[in-house]
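Single-letter residue listing:
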Amino acid sequence: MIRILRRLVLTLLALALAAAVLVAVLGPAWIERRLNPVTDAGDKVAVSARAQALHDSLVIADWHSDALLWDRDLLKRADRGHTDVPRLAEGNVAVQVFTTVTKSPRGQNYDHNSAEAPDNITPLFIGQLRPIPSWFSLKERALVQAEALNRAAEAAPDDLMLIRSAQDLQTLLEARRKGARTLGAILGSEGGHPLQGDIANLRVLYGAGFRLIGLTHFFDNELGGSLHGEGGSGSGLSDFGRQVVREMQQRRMIVDLAHASPQMVRDVLAMPGTRPILSHTGIHGHCPSPRNLSDDLVRAIAAKGGVIGIGYWADVNCGGTPADIAASVKAAIALVGEDHVSLGSDYDGSVDAPFDASRLAVLTQALIDAGLSDAQIAKVMGGNMIRYLAQNL
């Protein structure tokens, strides 16, 4: 009887282990497919020879991809999500910001989220079998994702180069002018909560290659108020947030105001010498979504020399087609001028997109169809972002 019970226990343990492995292997992939769909809207757009030729001549750059969250090998083409190095190369992307996501509240919405809500990222990291320290520390989660990007760049330097300075950017651009297809990657953080309220952690992240930090995400944090937090529009930049922004200025790091509360935006803009960006958004006057900042604040960011990244997902464009993205680009140009508009796809950020990175020429076609000139398209698709990076990294 004891032998039978022992065998039964061992069998049950083996089944439990197999189930855990199955969840770890299949669960995150299933979640990613569900949260990052590619709709068929882009497939309905034919790319003309003229649009493809223009697209192939562009230097293309994008402010926001969350691909590092999903623990895929970025050097291999995936059958899910929106970006990886092969698909970005097919789309002729020269520079991509990869942001690290470390916390996301259960029931996440655009209106009101508690910083104390259960976290969606913890079970995802456990399910992906990420290193155990990252299960319990937001800083470690950011560093694990940064390490993955660094490893990929070291493994395939002809395909991927980490950009840490304006000189690195110029080296990349010169190589591409000579025919290289290397993708330049800039490391960013989706929110400042991985700092865990300690300015010393900003230096740790900088040392790991981070050059862009969004101050908040979907909840208020130690730096101040979120557009979607509990503090409302009156919750601005905290004393710690001011300390972080000042040190980021000293280190020539990029301050991103995506997800920042209106008062936080005003507080950052009021600080001497700040030149923040808005990495992924729509235009409120064109699409009155609670995700989009007011037109006055967007205009104020541009007035300080910042650029505005237009996202690809339906919520910020009030529509899910390439033409809807192009309409948001036109609205942004009308609001802030053609020198301050750029791309901020939010690829792989738990959003829909009408095309993945390999089909980016569809957007070039949509911008032509919307009546933009070739010069305007060149600015929006990458010229403005590259200029900003060259001046500010």
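Criteria and cut-off values
Residues numbered from 1 in each chain as written. Predicted model: local features only at pLDDT ≥ 70, side-chain atom pairs only at ≥ 80, totals over all residues. Heavy atoms only, no water. Helix = DSSP H or I, 4+ residues; strand = E, 2+ residues; numbered from the N terminus. Rg over C-alpha atoms; globule rule 2.2 N^0.38 Å. Contact = heavy atoms within 4.5 Å. Areas by Shrake-Rupley, 256 points an atom, 1.4 Å probe, with all protein chains shown as cover. Lys, Arg positive; Asp, Glu negative; His and termini not counted. Charge placed at Lys NZ, Arg CZ, Asp CG, Glu CD. Disulfide = S-S within 2.5 Å. Phe/Tyr/Trp six-rings, centres within 6.5 Å; stacked < 30°, edge-to-face > 60°. Buried < 20%, exposed > 50% of the residue type's maximum accessible area, 1.4 Å probe, protein only. Lys NZ or Arg CZ within 6 Å of the ring centre and 35° of its normal. Salt bridge = Lys/Arg side-chain N within 4 Å of Asp/Glu carboxyl O. Polar contact = N/O pair within 3.5 Å; in protein donor to acceptor, adjacent residues only side chain to side chain. Core = buried A, V, L, I, M, F, W, Y, C linked by side-chain atoms within 4.5 Å. 1 Å grid on protein atoms, 1.4 Å probe; cavity = no way out; pocket = protein on both sides within 12 Å on 5 of 7 lines; lining within 4 Å. Points joined across faces, edges and corners; volume = space filled by probe spheres on them. Nonpolar A, V, L, I, M, F, W, Y, C, P; charged D, E, K, R; others polar. pLDDT = per-residue confidence, 0-100. Arc of directions from axis to C-beta.

J.: Lay out the overall build of the protein in plain terms, naming residues and giving numbers.
T.: Within the protein, the regular secondary structure consists of 14 helices and 9 strands. Taking 21 Å as the expected radius of gyration for a compact globule of 393 residues, we find that the protein reaches 21 Å, a close match to that expectation. Within the protein, contacts between residues at least 6 apart in sequence are counted, and of these 72% link residues at least 24 apart. When the accessible surface of the protein is split by element, carbon and sulfur atoms take 57% of a total near 15600 Å². For the protein, the distance from the average position of its 38 positive side-chain charges to the average position of its 42 negative side-chain charges is 4 Å.

J.: Go over the state of the cysteines with me, naming the residues and quoting the values.
T.: As enumerated under the stated definition, the model contains 1 disulfide in all. In this model cysteine 287 forms its disulfide with cysteine 318; the gap between the sulfur atoms is 2.0 Å. Torsion about the S-S bond of the cysteine 287 and cysteine 318 cystine: about 80°, corresponding to right-handed handedness. With cysteine 287 in the loop between strand S7 (278-281) and helix H10 (295-303) and cysteine 318 in the loop between helix H11 (314-317) and helix H12 (322-336), the pair connects residues that are 31 residues apart, well separated along the chain.

J.: Which residues make up the packing of aromatic side chains, and what values go with them?
T.: Centre distance and the angle of the planes are the two values used to describe a pair of aromatic rings. As enumerated under the stated definition, the model contains 5 aromatic pairs in all. Relative to phenylalanine 218, the ring of tyrosine 110 has its centre 6.2 Å away and its plane inclined at 20°; by these criteria the two rings are stacked. Taken as a pair, tyrosine 110 in the loop between strand S2 (93-100) and helix H4 (121-127) and phenylalanine 218 in the loop between strand S5 (210-214) and helix H8 (239-250) lie far apart in primary sequence, 108 residues in all. Given a relative accessible area of 7%, phenylalanine 218 falls into the buried group. Considering the side-chain rings of tryptophan 135 and phenylalanine 136, the 6.3 Å spacing of their centres and the 55° angle between planes classify their relative orientation as tilted. Overall, the relative accessible area of 22% leaves tryptophan 135 in the partly exposed class. Among the aromatic residues, ring-to-ring pairing joins Tyr312, Tyr347 and Phe355 into one connected group. We note lysine 103 situated over the ring of phenylalanine 219; from NZ or CZ to the ring centre the distance is 4.8 Å. The positively charged end of arginine 211 is found above the aromatic ring belonging to tyrosine 206, 3.7 Å away from the centroid.

J.: Provide a residue-level description of the pattern of salt bridges, including the pertinent values.
T.: Applying the stated rule across the entire model yields 18 salt bridges. Residue glutamate 32 is joined to arginine 72 by a salt bridge in which the shortest nitrogen-to-oxygen separation is 2.9 Å. In this pair, glutamate 32 is assigned in helix H1 (residues 2-35) and arginine 72 in the loop between strand S1 (60-65) and helix H3 (85-90), connecting sequence segments 40 residues apart. Glutamate 32 sits in the buried class, given a relative accessible area of 0%.

J.: Requested: an account of the environment of serine 137, with residues and values cited.
T.: Inspection of the secondary structure assignment puts serine 137 in the loop between H4 and helix H5 (138-155). Using a relative accessible area of 15% as the deciding quantity, one classes serine 137 as buried. Spatially, the C-alpha atom of serine 137 lies 35 Å from that of asparagine 317, the residues being 180 residues apart in sequence. A polar contact is formed between the side chain of serine 137 and the backbone nitrogen of lysine 139, at a distance of 3.3 Å. Side-chain polar atoms of serine 137 contact the side chain of glutamine 196, separated by 3.2 Å.

J.: So what's going on with the nonpolar core? Residues and values would help.
T.: Counting 81 residues, the largest nonpolar core has Phe98, Leu149, Leu215, Leu257, Leu363 and Met381 as the members making the most contacts within it. Excluding anything up to four places from it in sequence, leucine 215 contacts Gly191, Gly192, Asn221, Leu223, Leu237, Val245, Met248, Val255, Asp256, Leu257, Met264 and Val268. If you look at the next biggest cluster of nonpolar residues, it comprises 20 residues, including Ala61, Leu172, Leu173 and Ile386.

J.: Please set out the environment of leucine 138 residue by residue, giving values where relevant.
T.: In this fold, leucine 138 is placed in helix H5. Along the chain, leucine 138 and lysine 103 lie 35 residues apart, while their C-alpha atoms are 7.3 Å from each other. Residues within four places of leucine 138 in sequence aside, it is in contact with Thr102, Lys103, His193, Pro194 and Gln196.

J.: Could you give an account of the layout of surface pockets, with specific residues and numbers?
T.: In this structure, the largest pocket occupies an estimated 610 Å³ of space. Every residue lining the largest pocket is counted, 32 residues in all, and those nearest its centre are Leu35, Ser104, Gln108, Asn120 and Ser350. Elements with a minimum of two residues in the lining of the largest pocket: H1 and H4.

J.: Lay out empty space enclosed by the protein in plain terms, naming residues and giving numbers.
T.: Applying the stated criterion across every chain, the model contains 2 cavities of 30 Å³ or more. Quantified by volume, the largest cavity comes out at close to 50 Å³. Lining the largest cavity we find Asp62, Leu88, Val93, Gln96, Tyr312, Tyr347, Ala357 and Leu360. Within the lining of the largest cavity, the residues separate by chemical class into 6 nonpolar, 1 polar and 1 charged. Its boundaries defined by the atoms lining it, the second largest cavity holds a volume of some 30 Å³.

J.: Tell me what's going on with the confidence of the model for the protein, and back it up with residues and numbers.
T.: The pLDDT averaged across the protein works out to 93; a share of 93% of its residues lies at or above 70. Low pLDDT, under 50, characterises residues 11-23; the predicted model gives this stretch 2 contacts beyond four residues in sequence or across chains.

J.: Before we move on, could you go through H10 and cite the residues and values that matter?
T.: Residues Leu297, Val298, Ile301 and Ala302 constitute the buried set of H10. Axial view of H10: buried residues confined to an arc of 140°, hence all on one face. Seen from the buried face of H10, the exposed residues on the opposite side, beyond 90 degrees, are Asp296 and Ala303. Looking at the packing, one finds that the buried side of H10 touches helix H9 (262-270), S7, strand S8 (308-310) and H12.

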